[in-house]
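Spelled out from the first residue to the last, the chains are:
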Amino acid sequence: RLQDLNGRRFLHQGPGSITGVWSEAFLGEHSIVPSRIDFVSASDSLAERVLEGGAAAGSISLFHMNQLAERVRSRLVVLEQSPPLLGRTYLLNPRLQAQQGTIRDALYAFARSVEGQAYFRQSKQLGYRDVPPEELAAMEPYAEVLRAMMSAWRRSMQQPPGLPGVKGNAHALE
């Protein structure tokens, strides 16, 4: 039960991961307050930690769930699944607009290649496609969280040098 997660340790793949953003919002919507949220970047490590009792639950993407060894995946219980969300989305920096066709052609050439087809089969993905504007708009709440995180990080990097515990620049701690 979801309520059993209240006051227990929870894992996800990082504060900027779409699964992390979604799962934290989901927990909040259900008034579930974990005792602690830890980040584990590797999905197999995350799953193993949950199975070993190192956390009550965790969240990983369907893509990463499908990548887990069957002996691991078969022992996991899915408590909740998000609505379908974009994954592996490639966005082009506006400064590279002139190269958009070349980059797009290269991605689609990979998708048609033997290696690309093997990759999509192995990862259980359908392939590449153009994303309509309304689907990108649905991702805006997640993008807003990431913008806020990046802004806070940038501000923290602009602290004046010479603060206690800081040698040289603001991110090289002693």
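Here is a short report on the structure shown in this document. Counting of residues starts from 1 at the beginning of each chain's written sequence and follows it residue by residue. In keeping with the predicted nature of the model, local features appear solely for residues at pLDDT of at least 70, side-chain atom pairs appear and are counted solely at 80 or more, and the whole-chain, interface and lining totals rest on all residues. Calculation of side-chain values draws on the structure's entire complement of heavy atoms; hydrogens and water are dropped beforehand.

### A few points about unusual backbone geometry
We apply this condition: A run of H or I in DSSP counts as a helix once it spans at least four residues, and a run of E counts as a strand once it spans at least two, with each numbered from the N terminus. Relative accessibility decides the category of a residue: with a 1.4 Å probe and only protein chains considered, values under 20% of the type maximum give buried, values over 50% give exposed, and everything between is partly exposed.
Phi angles above zero are rare outside glycine, and Ser31 is one such case at about 55°. By secondary structure assignment, the location of Ser31 is in the loop between helix H1 (18-29) and strand E2 (36-39). Of the residues examined, Ser31 reaches a relative accessible area of 56% and is grouped as exposed.

### Some details on the packing of aromatic side chains
Basically, it comes down to this: A pair of aromatic rings is counted whenever rings of Phe, Tyr or Trp (Trp by its six-membered ring) have centres within 6.5 Å, and the orientation is called stacked for planes under 30 degrees apart, edge-to-face for over 60 and tilted otherwise.
Applying the stated criterion across every chain yields a total of six aromatic pairs. Relative to Tyr128, the ring of Tyr108 lies with its centre 6.4 Å away and its plane at 85°, an arrangement referred to as edge-to-face. Taken as a pair, Tyr108 in helix H5 (residues 100-112) and Tyr128 in the loop between helix H6 (114-123) and helix H7 (133-138) lie far apart in primary sequence, 20 residues in all. Between the aromatic rings of Phe110 and Tyr119, the centroid separation amounts to 6.1 Å while the plane-to-plane angle is 55°, which identifies the pairing as tilted.

### Observations regarding the nonpolar core
Cut-off, in case you're wondering: Buried Ala, Val, Leu, Ile, Met, Phe, Trp, Tyr and Cys residues form a nonpolar core when they are joined through side-chain atoms within 4.5 Å. The contact criterion used is simple: two residues touch if any of their non-hydrogen atoms lie within 4.5 Å.
Residues Val21, Trp22, Phe26, Leu86, Met139 and Tyr142 constitute the largest nonpolar core, which totals six residues. Broken down by element, the residue count for this core peaks at three residues, all from H1. With near-sequence residues (within four places) excluded, Leu86 lies in contact with Arg129, Val131, Glu135, Leu136 and Met139. Ranked by size, the runner-up nonpolar core spans five residues in total, among them Leu5, Phe10, Leu27 and Ile32.

Read these as geometric descriptors, not functional statements.
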